[in-house]
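A closer look at the structure
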Amino acid sequence: MSKQILILGGGYGGLLTALTARKYMTAEEATITLVNRFPTHQIITELHRLAAGNLSEQAVALPLEKLLRGKDVNLRIDTVEKISPDEKKVLMASGKTYEYDVLVIALGSETAFFGIPGLQENSFVLKSAADANRLRAHVEERIDAYAKTKNKADATFVIGGGGLTGVELVGEFADMLPGLCRKKGIDFNEISLYCVEAGPSILAGFAPELVERAQTSLEKRGVQFLTGVPITEMTETTVSLKDGSSIDTSTLVWTGGVQGNSVVANCGIEVNRGRATVTDFLQSTSHPDVFLAGDSAVVFGKEGRPYPPTAQLAWQMGETIGYNIFAYFNNGPKQEFSPVFSGTLASLGRKDGIGTIGANQTRLKGLPATLMKEASNMRYLSHINGLFTLAY
Ligand code: NAD
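Below: a short report on this structure. Predicted model only: the values in this text are computed from it and were never measured.

Things to note about the sheet that holds strand 1 (residues 3-8)
- Here 5 strands make up an open sheet; going across it, the order is 5-2-1-9-21 and the pairing parallel. Each edge of the open sheet carries a strand with a single partner, namely strand 5 (73-77) and strand 21 (290-292). Put simply, the sheet's adjacent strands are angled 20° from each other on average, direction ignored.
- Two strands pair when backbone bridges link them, and strand 1 and strand 2 (residues 30-36) are joined in this way by 6 bridges, in the parallel orientation. Bridge pairing links lysine 3 to alanine 30 in strand 2.
- Strands strand 1, strand 2, strand 5 and strand 9 (102-105) of the sheet are contacted by helix 1 (residues 12-24), whose axis makes an angle of about 165° with strand 2.
- Set on the sheet, helix 10 (residues 311-329) makes contact with strand 1, strand 9 and strand 21; between it and strand 21 the angle comes to about 160°.

Spelled out as structure tokens, the structure:
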């Protein structure tokens, strides 16, 4: 009888699991069901560009139905409510319950608000195409409001967190706002664009030379960096900082960090700080019939440090899991997960970027970094057969 593979999540990890598993197993051998809360596979590494209107939604939100066409994968649009791994059941928001022989959890991460008062209620986040659209519409609204009232809070935009998400977003805003201001008859010099970072510098972990390059490039375009000052509170109109100062603003975008998915953290499988622990084969350490891809899991490298939760890792985890499910059903040897790190690239707006690539961490700045980032996106899209949906 056909085995039941249930995949939760249609992001990088979930989609690549489905596509890879189908390469090794026919529809007679395994029924694959993929559940996602949106009908689209979202290229979340490009959401900052959608938020600034520099990319169309079709380029960021690819219909899963098209990507899975002809692959014999049942697609269900639903939200996972409860996973019961001991009963091998998953309950959806629609009330439906799914059973499985093998479960793949690839539900991604959630924004971490760290209990900072008012933050969750009053900030924007950038975790989905809908979030990006909401933010873009809000920025335009605030500029319109400022044109009428000259209320400074409406012309002040704050990005909370100077990690990769925050820096890439502030770069897009720095490129987009001058044009938007021109269109609305406002002097761009009246706009304040902040990036507030708790740590001593933005882009922790990058070589100081690249951090300096990023900061200078963005400052030239009007970004003000406040480093070494954590955000401690947010109200509808004010961001408070630990040094006692505050910024009046109607727009805080919170990019201060991510945490494991709470549905996964509370389901009864073994976790480490909210992210599921996995074997070398990416099976749950407590439930061998559960595999984990992407940010829902924590994978430790040889030196004992967890790998960062990135798209390239999620994608590769999905491929390993796709094969390992086949091996699991056939009692064959499974593949150890051994990720290949192609590098880390950060865009700094439309025309600038920084990054490191290759095993020897070659540093890139400017056009080469921008082109490499484009190339890596194209490589991913062609890999999932999504090239036809590009709509820049
Ligand atoms: P992050 O955790 O990497 O960065 C969050 C930043 O917010 C940190 O620098 C932190 O010090 C700061 N912060 C935390 N609390 C704060 C506070 N109270 N006030 C001000 N600042 C505060 O999160 P991210 O940038 O969303 O990235 C998440 C993961 O996704 C990372 O692993 C990252 O490498 C990856 N990512 C990669 C890319 C890329 O490769 N281009 C792009 C985006 C994200």
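Description of the site of the ligand
- Among the 22 residues in the neighbourhood of the ligand, the closest are listed as Thr165, Glu197, Ala198, Ile231 and Leu345.
- Between an oxygen atom of the ligand and a side-chain N or O atom of glutamate 197, the distance comes to 2.5 Å.
- Between a nitrogen atom of the ligand and a main-chain N or O atom of alanine 198, the distance comes to 3.0 Å.
- Here the ligand loses 75% of its free accessible area of 840 Å² to cover by the protein chains.
- Listing elements by their share of the shell around the ligand, those giving two or more residues are helix 7 (164-184), strand 12 (192-197) and strand 23 (343-347).

So, how was this worked out
- Residues numbered from 1 in each chain as written.
- Predicted model: local features only at pLDDT ≥ 70, side-chain atom pairs only at ≥ 80, totals over all residues.
- Heavy atoms only, no water.
- Pairing = 2+ DSSP bridges.
- Helix = DSSP H or I, 4+ residues; strand = E, 2+ residues; numbered from the N terminus.
- Axes fitted to C-alpha atoms, helices over the stretch in contact; angles between N-to-C directions.
- Contact = heavy atoms within 4.5 Å.
- Near = heavy atom within 4 Å.
- Polar contact = N/O pair within 3.5 Å; in protein donor to acceptor, adjacent residues only side chain to side chain.
- Areas by Shrake-Rupley, 256 points an atom, 1.4 Å probe, with all protein chains shown as cover.

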